[in-house]
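Breakdown of the fold
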Amino acid sequence: MQKGKDKMPISALENQVNIDHINSVVSLGQKAGSGIKKKKPDCKCAVIKSENFSFYYGTKVGVKDITMEIYPCSVTAIIGPSGCGKSTFLRSVNRINDLIPHTRIEGRLLVNGHNVYDKSTNLVNLRQQVGMVFQKPNPFPKSIFDNVAYGPGLHGVKKRSALQQIVEESLKAAALWDEVKDDLKKSALALSGGQQQRLCIARALATRPNIILMDEPCSALDPIATGKIEDLVDKLQHDYTIVIVTHNMQQAARVSERTAFFCLGELIEYDWTGKIFRNPGKKQTEDYVTGRFG
Amino acid sequence: MRHLIRRITDKAFTILTGTSIVLLASVLLIILGPMVWRGSKAVIFKDTVEFRKMQLDLFNRGNPAYLKIESAETESFRKTVYEIVDDFKHGIDTEGLIDQTKQVYRQLGKELRYKEATNEEYQRIRSLARDLRERLQTAFGSNDKKVIKENLDYVLQYRHDKDLADTAAVEFFTLAEDFQQSVENIDLNKRQQYAGSLQQIEEIIFRLLGPKPGDPLPALTMDRYGATRWDLAQKLLDKLLWSQQWIQQEADQPLVKIRVSRAGEFAGTKLEPLFGYVENNLEKMLKPEFTVYWQYFIDDSTPGHYFGGVGPEILGTLLLTLLAMLFVFPLGVISAAYLVECASDNIAIRIIRMSINTLAGVPSIVFGLFGLAFFVLFFIPLFGGPSKPCILAASLTLAVLTLPVMIRASEEAIRSVPQSYKEASLGLGASGFRTFMRVTFPVALPGILTGVILSLSRVAGETAPILFTGAVALGPLPKSLFDPTMTLSYGSYDIAVGDRLAMMVPHNQYGMVVTLVLLILCLNAIAIVLRARVSRKLRGQ
């Protein structure tokens, strides 16, 4: 299955390893399935559309000329080697990149048809609609209740009873309720790593977003916690648009409906997950998913 | 070999650090030890009956009935002292005796005018009285025993003169008799010397036992009571028993100070038993008792800090410190927040940062003068306030003094808050301000409180900035923010330059300094406990 111009001489053992690897990926791709999922009629999610979007850190290129569309009520994975701009693109969606000085953009990035980088964009509303979960769990040094209630509190929910309801719903949605319901006043820092990350997800869910961005959410967690979070993502995908950046190709294959492959700041390929892993269109994609580089 | 060298250097490092700790501890002990020991004497000491009298009069403290009994007990012992002294004085105080003769003569003249006497009688009595007066004065003024005896005998022969009986002239004879008695034992040549020494001795007894019963009350409060502390009384006793004289021990050498026993000086005279008596009976005259004068911290003080406590000073220092912290805390935190969060890295911001760092090193007297020129003379009158030193001006000056430290500490603290908290908060839709107030500030609070602790210590102990802007050496309790106040730091300075009085109240000076150190310790302890609690909550316990 070695396509492409560069035929590198490889040893027999390497060849065997490669074939095994490809076979395992293919089997995962089969699990992921292919085919077009129908958009659910009652889905209220948004669409992220990027049109020739570029992001520069000073003179250095973050991402260049990205044109893609992220579909509602599904999980989209973005994969690629380190430094290829996946996180940069993700963080541009809710403009968290504004914290970094001396940056500049070109093109348009539309959420729900509205350009995010437009002067008239209300950042507070944008970030309420677009939730984010970071790589390293970062709960505030407050109690579990205060962590989850932080978001709703910002957007005007003041009554104690309303907050308690939202906290309970969010924690249940994040599959954390049963573990913490006895003591919501406990400090969030006393939870384990996996629990903290689920708390961050619950915190993001509490603002009732339409889109959830996840920047390598499981990279700091052990396999069991990772499994729990992947189950969670699977459960949530029916109600939210989820974009997940990951290093772990098996994870991308497991959870996502579509996958985008970034490399050196450019979007190389964007297609159904099954196709990317079984039958990638570009050689670079194939090299990456077969593990030849990156 | 390398292994051995590494081991040696490790050991050397440990020893070096250990030595520096020991050095620090010993320096602290050397500085603080004597200070605390002597300062505690302001509160824990042996007092005397004079102290209790003073407490009753000035502060209404104590049992009046019991005190009366005590005073009566001491009276009998003190009487002896006064008697001995008076007795001796008669033979020495020639000036006084001469004055007394003049007085008697005048009195006699007045009586004669009221009495209906014939002209002849009047003249005779008058001339006789004048004659007696002259004779007495000669006797009193002479150093020659023979002359004295001659004149006194002359005077005394008129004792039973019928004209002079029942008149004021009887005084003449009492004076003559007394003088005769006392003169017998005195070396008349030494009279000048005795007079000088006697004055010193009387002064010491006045300081020891207070004013003589029957004498008019002195004007100054500090003169109205004797030695209020037993250690003071001991010092005065020593001064009483030993005089210091400069004598020339060797030719061509500077004069040497030696101690001479006063008892030896007055040997053979009527005053000699005084010294032994006072030494043996001082306890009965003063009734020393061990006491804990804790009201030292709340009592008002009297002029010169002679009696009383440091209550108003503590209040003044607390007021100034807390008010200054109230001004500097929001100002420092907000400035630091701006510098960290919003300021872009251009030349203006760099100049501001440099200025803040430079300001931290400016001498405090410069701040004092600045406070005077700006706050007292310009800023406060601008808003309609009075243009005089006041608490408001002083605390504003202190706030400006400690602002750089506060900004630096806050900046460090805010910078050390992990970026992830900020990202999380912003990602949830918080504005920059909400993020700062709800997330960044609580996490930076322990570091900011460290800045508060550093500032507290500096502000509480500063003297130069409040010198012209709000501190006063002695005055009433401040009634508003526009009044000046006494403070511990300024009070210590004032006593230190008050020379004569300071030597008399060393315990007060130490007491004030130790109170200042204790006050700063307490304020620091509160701030440290607060910081520890905030830290614990942040760490999740």
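Residues numbered from 1 in each chain as written. Chains lettered and ligands numbered in written order. Predicted model: local features only at pLDDT ≥ 70, side-chain atom pairs only at ≥ 80, totals over all residues.

1. Looking at the overall build of chain A
Scanning chain A from terminus to terminus reveals 11 helices and 10 strands. Counting the 294 residues in chain A, one finds 44% classified as buried. Within chain A, residue pairs in contact and separated by at least 24 positions form 70% of the contacts whose partners lie at least 6 positions apart. (Helix = DSSP H or I, 4+ residues; strand = E, 2+ residues; numbered from the N terminus. Buried ≥ 20, exposed ≤ 12 C-beta atoms within 10 Å, placed from the backbone. Contact = placed C-beta atoms within 7 Å.)

2. A closer look at the overall build of chain B
For chain B, the count of helices and strands is 21 helices and four strands. Relative to the globule expectation of 24 Å for 541 residues, the C-alpha radius of gyration of chain B, 36 Å, shows a markedly less compact shape. Viewed in the frame of its principal axes, chain B has a C-alpha envelope of about 125 × 75 × 55 Å. Counting all 541 residues of chain B, 32% fall into the buried class. (Rg over C-alpha atoms; globule rule 2.2 N^0.38 Å.)

3. Topic: the sheet that holds strand 2 (residues 60–70) of chain A
Residue and element names in this part refer to chain A. Ordered by their spatial adjacency, four strands build an open sheet running 2-1-4-5, and the pairing between neighbours is antiparallel. Each edge of the open sheet is held by one strand with a lone partner, namely strand 2 and strand 5 (114–115). Sitting on the sheet, helix 2 (residues 86–93) touches strand 1 (48–57), strand 2 and strand 4 (103–111), and the angle it makes with strand 2 is about 65°. (Pairing = 2+ DSSP bridges. Axes fitted to C-alpha atoms, helices over the stretch in contact; angles between N-to-C directions.)

4. Some words on the sheet that holds strand 7 (residues 211–215) of chain A
All names here are of chain A. Strand order in the open sheet made by the six strands is 6-7-8-3-9-10, with mixed pairing throughout. This sheet does not close on itself; its edge strands, each paired only once, are strand 6 (130–133) and strand 10 (266–272). Direction aside, neighbouring strands of the sheet carry axes that sit 15° apart on average. Bridge count for strand 9 (residues 258–263) against strand 10 is six bridges, and the pairing is antiparallel. Bridge pairing in strand 10 places Phe261 opposite Glu269.

5. Regarding the interface of chain B and chain A
With 16 residues of chain B at the interface, the matching set in chain A holds 21 residues. Of all the secondary structure elements, the ones that give two or more residues to the side of chain B that touches chain A are helix 16 (419–427), helix 17 (432–461) and helix 21 (506–539) of chain B. With six residues, the single largest contributor to the side of chain B that touches chain A is helix 16 of chain B.

6. Quick look at the nonpolar core
Ranked by internal contacts, the top residues of the largest apolar core, which has 133 residues, are Ile78, Ala202, Leu213 and Ile244 of chain A. The element that contributes the greatest number of residues to this core is helix 15 (residues 391–415) of chain B, accounting for 16 residues. In this structure Leu213 of chain A touches Leu90, Val93, Asn94, Val130, Gly131, Met132 and Val243 of chain A, once residues within four positions along its chain are discounted. (Core = buried A, V, L, I, M, F, W, Y, C linked by C-beta atoms within 7 Å.)

7. Things to note about the domain arrangement of chain B
Segmenting chain B into domains produces domain 1 (2–40), domain 2 (49–68 + 189–293), domain 3 (87–188) and domain 4 (311–539). When each unit is reduced to the centre of its C-alpha atoms, the spacing between domain 2 of chain B and domain 4 of chain B is 48 Å. (Domains from an automatic or database assignment.)

8. A short note on the pairing of strand 4 of chain A
All names here are of chain A. Sheet analysis places strand 1 next to strand 4, joined by eight bridges and oriented antiparallel. Within the sheet, the bridge partner assigned to Phe55 lies in strand 4 and is Ile105. Both strand 4 and strand 5 contribute to a ladder of two bridges, which runs antiparallel. Across the sheet, the residue bridging to Leu110 is Asn115, located in strand 5. Counting the residues that bridge the hairpin from strand 4 to strand 5 gives two residues, and of these Asn112 lies at a positive phi of roughly 60°.

9. A few points about helix 8 (residues 191–209) of chain B
Residue and element names in this part refer to chain B. Counted at 1.5 Å a residue, the expected span for helix 8 with its 19 residues is 27 Å, and the 26 Å between its end C-alpha atoms agrees. All of the buried residues along helix 8 are Tyr194, Ile201, Ile205, Arg207, Leu208 and Leu209. Along the long axis of helix 8, the arc covered by the buried residues comes to 170°, so they all point the same way. In helix 8, those exposed residues whose orientation departs by more than 90 degrees from the buried face are Gln192, Gly196 and Gln199. The positive-phi residue at the C-terminal boundary of helix 8 is Gly210, with phi of around 90°. (Expected span 1.5 Å × (residues − 1). Arc of directions from axis to C-beta.)

10. A look at unusual backbone geometry
The backbone of Glu216 of chain A sits at a positive phi, close to 45°, despite the residue not being glycine. Summarising the element assignment, Glu216 of chain A is placed in the loop between strand 7 and helix 8 (223–236). The backbone phi angle of Asn60 of chain B is positive, close to 60°, even though this residue is not glycine. Within the secondary structure, Asn60 of chain B is located in the loop between helix 2 (49–59) and helix 3 (64–92).

11. Some details on the environment of Glu202 of chain B
All names here are of chain B. Along the chain, Glu202 turns up in helix 8. Classification of Glu202 as partly exposed rests on a count of 13 C-beta atoms within 10 Å. The spacing of Glu202 and Val85 is 117 residues in sequence and 8.1 Å in space, taken between C-alpha atoms.

12. Quick look at the packing of helix 14 (residues 364–382) of chain B against helix 15 of chain B
Residues and elements named next belong to chain B. Relative to each other, helix 14 and helix 15 sit at 135°, their axes nearing to 9 Å. The orientation of helix 14 with respect to helix 15, classified from their angle, is oblique. In this structure, helix 14 crosses over helix 15, and the sense of that crossing is right-handed. In this structure, helix 14 uses Ser364, Phe367, Gly368, Gly371, Phe375, Val376 and Ile380 to contact helix 15, whose residues at the interface are Leu392, Ala393, Leu396, Thr397, Val400 and Leu401. (Parallel < 35°, antiparallel > 145°, perpendicular 65-115°, else oblique. Left-handed = near helix turned anticlockwise from the far one by under 90°.)

13. Re the environment of Ala149 of chain A
Position of Ala149 of chain A among the secondary structure elements: in helix 4 (residues 144–154). If we skip the residues at most four places from it in the chain, Ala149 of chain A touches Leu163 and Val167 of chain A.

14. Things to note about the packing of helix 4 of chain A against helix 5 (residues 160–173) of chain A
All names here are of chain A. Running from N to C, helix 4 and helix 5 point in directions that differ by 115°, and their axes come no closer than 9 Å. In terms of axis orientation, helix 4 runs roughly perpendicular to helix 5. When you trace helix 4 past helix 5, the crossing you get is right-handed. Judged by residue contacts, Phe145, Val148, Ala149, Pro152 and Gly153 of helix 4 engage Leu163, Ile166, Val167, Ser170 and Leu171 from helix 5. Taken together, the residues of the contact of helix 4 with helix 5 break down into eight nonpolar, two polar and no charged. (Nonpolar A, V, L, I, M, F, W, Y, C, P; charged D, E, K, R; others polar.)

15. Overview of the pairing of strand 2 of chain A
Residue and element names in this part refer to chain A. In terms of strand pairing, strand 1 meets strand 2 through seven bridges, oriented antiparallel. Opposite Tyr56, over in strand 2, you have Val61 as the bridge partner. Taking the residues between adjacent antiparallel strands as the criterion, strand 1 and strand 2 are bridged by two residues, where Gly58 takes a positive phi near 65°.

16. Looking at helix 7 (residues 170–183) of chain B
Residues and elements named next belong to chain B. The end-to-end C-alpha distance of helix 7, which contains 14 residues, comes to 20 Å, matching closely the 20 Å that a straight helix rising 1.5 Å per residue would cover. The set of residues buried in helix 7 consists of Phe172, Leu175, Ala176 and Phe179. With its buried residues spanning 100° around the axis, helix 7 presents them on a single face.

17. Side note on the environment of Phe378 of chain B
Residues and elements named next belong to chain B. Its location among the elements puts Phe378 in helix 14. We classify Phe378 as exposed; it has 11 C-beta atoms within 10 Å. Taking the C-alpha atoms as reference, Phe378 lies 14 Å from Ala394; in sequence the two are 16 residues apart.

18. What to know about the confidence of the model for chain A
Residues and elements named next belong to chain A. Summarising the model, chain A shows a mean pLDDT of 83, and 84% of its residues fall at 70 or more. Confidence drops under a pLDDT of 50 for residues 1–10, and excluding neighbours within four residues, the segment shows six contacts in the predicted structure. A low-confidence stretch, residues 28–41 stays under pLDDT 50, and its non-local contacts, those more than four residues away or across chains, total 21 contacts. (pLDDT = per-residue confidence, 0-100.)

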